[in-house]
Amino acid sequence: MNTAQATPALSGTTRLYAIIGDPIAQVGSPRLFNAAFRARGIDAVLVAMHVAPSDLGGMIAIFRAMKNFDGLIVTVPHKIQVAGMIDTLGGNAARLGAVNTIRKLPDGRLLGDNFDGIGFVRGLAGRGIELAGKKVLVIGAGGAGCAVVNAIADQRAARIGVYDIDANRRDELLRSVAAHVPGAHIEASDPVAAGFDVVVNCTSVGMKQGDPLPVDISGLAARTVVADIILKPVRTPLLEAAARLGCITHEGPAMLEGQVDAVMDFFFPTSP
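Worth saying up front: this structure is predicted, and the values here are computed from it rather than measured. Within any chain, residue numbers begin from 1 and follow the written order of that chain's sequence. Residue-level local features of this predicted model are given only where pLDDT is at least 70; pairs of side-chain atoms are given and counted only at 80 or more, and the full residue set underlies all totals for whole chains, interfaces and linings. Think of the side-chain values as coming from all heavy atoms in the structure, minus any hydrogens and water.

(A) Structural view of the pairing of strand 6 (residues 110-113). The buried label applies to any residue whose accessible area, calculated with a 1.4 Å probe on protein chains only, is under 20% of its type's maximum; exposed applies above 50%, and partly exposed to all values in between. Where helices and strands are cited, they refer to DSSP runs of H or I of at least four residues and of E of at least two residues respectively, numbered from the N terminus. Burial along strand 6 is two-sided: the residues Leu 110 and Gly 112 and Leu 111 and Asp 113 are all buried. Strands qualify as paired when DSSP identifies two bridges or more between them. In the sheet, strand 4 (residues 88-89) pairs with strand 6 via two bridges, with the strands oriented parallel. Note that in strand 6 the partner of Thr 88 across the bridge is Leu 111. Sheet topology places strand 5 (residues 101-104) next to strand 6; four bridges connect them, and they run antiparallel. For Ile 102, the partnering residue across the bridge sits in strand 6 and is Gly 112. Where strand 5 folds back on strand 6, the antiparallel hairpin that results is connected by five residues, among which Gly 108 adopts a positive phi of roughly 95°.

Next comes the structure, spelled out in C-alpha cells:
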C-alpha cells in the first residue's frame, strides 16, 4: 500500500472528528471514516479518544469550544448519557434515547442521531439475511441494544425476545417499542437461544478474555443466525461456539460498515 495514499494530508484547514468511548482500542471507525473522507474528497480526519464516563461532560464542553471540531461518533458506554448533554435529537435518537453520532451545526448547537439500527439491518441485508417474519432474541437493552431492537421491530419480525440484566431497562425498551411499532410482538425473555431464528448479542460480554457466553446456545438449531456487535475480537467466543453448532455467524464490524454512508450523509448533508 502506498503510504502517501493511505494517510490524509493534514493541515490547518483539516476539520476534526473523533470517536469517543471507554474502552476505545476495539473501534474500527478511524479506518472506515478516514477512507470515506478521502473517497468524498473531504479535508477531514477522525481519531479515537478514550473518554471515561466521569469525563464525558468535559469532553462535550471541549467539543463545543473547538471551532474546527465538527463531529463525534459515540460508542460504549456513552450513548445514553450523551443524549442529555446535547441540544437537539434527530428522529432515531429521540425515539431511542441514545445517540451514536453528533454534528455541530453552523450556530454551534449540537445535533445527535443514531444509526446503529440502520447499520445492523444493512449489514445483515448485505449477506441476504432478512428479519421479516423471524423469531429474534436480543441480549442487551443498552444504547446499541435499543437501536437494534427498534430496527428489528421496524423490519416486522414475527417475535422479538429481549433479555437484559437490568429488568427496568429491559421493560422500558419493551414499552417504547410497543408504542412506536403497533402490533410488534415483543416480550421479555431468558438468555436462552433455543427456539429463535436469529440471536443477537448487544452487550460487551465477550470483549474480555475469559468472559462467559452472554446467552445459552445449547440446543440451538443448525443454520440459526447468531450475530454479535462486538468489534474486537471479531470472532467472539459466542460466534466460535455457534459456528461449532453449524450456525450462520455474523460479525460485529458489519454493523459499523453498514452505517458509514448514513453517518457520512449526516455529517455532510450538502457535501459533493
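Now that the structure has been shown, we can carry on.
(B) Geometry of the sheet that holds strand 11 (residues 225-228). One open sheet accounts for six strands, arranged 9-8-7-10-11-12; its pairing is parallel. Of all strands in the sheet, those bounded by a partner on one side alone are strand 9 (186-188) and strand 12 (248-250). Each strand axis lies, on average, 20° off the axis of its neighbour in the sheet, ignoring direction. By the bridge criterion, four bridges tie strand 10 (residues 198-201) to strand 11 in an arrangement that is parallel. By the bridge assignment, Val 198 is partnered in strand 11 with Val 225. Interaxial angle, 0 to 180 degrees, is taken between N-to-C directions of lines fitted to C-alpha atoms, where a helix line uses only the stretch in contact.

(C) Quick look at the pairing of strand 2 (residues 44-50). Pairing analysis gives seven bridges linking strand 1 (residues 15-21) to strand 2, with the strands arranged parallel. Looking across to strand 2, one finds that Ile 19 is bridged to Ala 48. Clockwise travel from the first strand over the helix to the second, with the strands pointing away from the viewer, marks a crossover as right-handed. One crossover worth recording links strand 1 to the parallel strand 2 by way of helix 2 (residues 29-40), and it is right-handed.

(D) Expanded view of the environment of Gly 252. Its place among the elements puts Gly 252 in the loop between strand 12 and helix 9 (253-267). Sequence spacing of Gly 252 and Val 27 is 225 residues, and the spatial spacing of their C-alpha atoms is 11 Å. Contacts are residue-level and defined by heavy atoms, with any inter-residue pair within 4.5 Å sufficient. What Gly 252 contacts, discounting residues up to four positions off in sequence, is Asp 228, Ile 229, Ile 230 and Leu 231.

(E) Molecular detail of the pattern of salt bridges. Salt bridges are counted wherever a side-chain nitrogen of Lys or Arg sits within 4 Å of a carboxyl oxygen of Asp or Glu. Under the criterion given, the structure shown has 11 salt bridges. In this structure, Asp 164 and Arg 169 form a salt bridge, with 3.1 Å as the shortest nitrogen-oxygen distance. Residue classification places Arg 169 among the partly exposed residues on the basis of a relative accessible area of 34%. A salt bridge links Glu 240 to Arg 235, with the nearest nitrogen and oxygen atoms 3.8 Å apart. According to the relative accessible area criterion, Glu 240 is partly exposed, its value standing at 32%.

(F) Fine view of the nonpolar core. For the purposes of this section, nonpolar cores are sets of buried Ala, Val, Leu, Ile, Met, Phe, Trp, Tyr and Cys residues that join through side-chain atoms within 4.5 Å. Residues Phe 120, Ile 152 and Val 200 are the most contacted members of the largest nonpolar core, which totals 33 residues. Taken together, the elements giving at least two residues each to this core come down to helix 5 (116-125), strand 7 (135-139), helix 6 (143-154), strand 8 (159-163), helix 7 (167-180), strand 10 and strand 11. Top element by residues in this core is helix 6. It accounts for eight residues. Once residues lying within four places of it in the same chain are set aside, the contact partners of Phe 120 are Leu 131, Val 148, Ile 152, Val 200, Ala 227 and Met 255.

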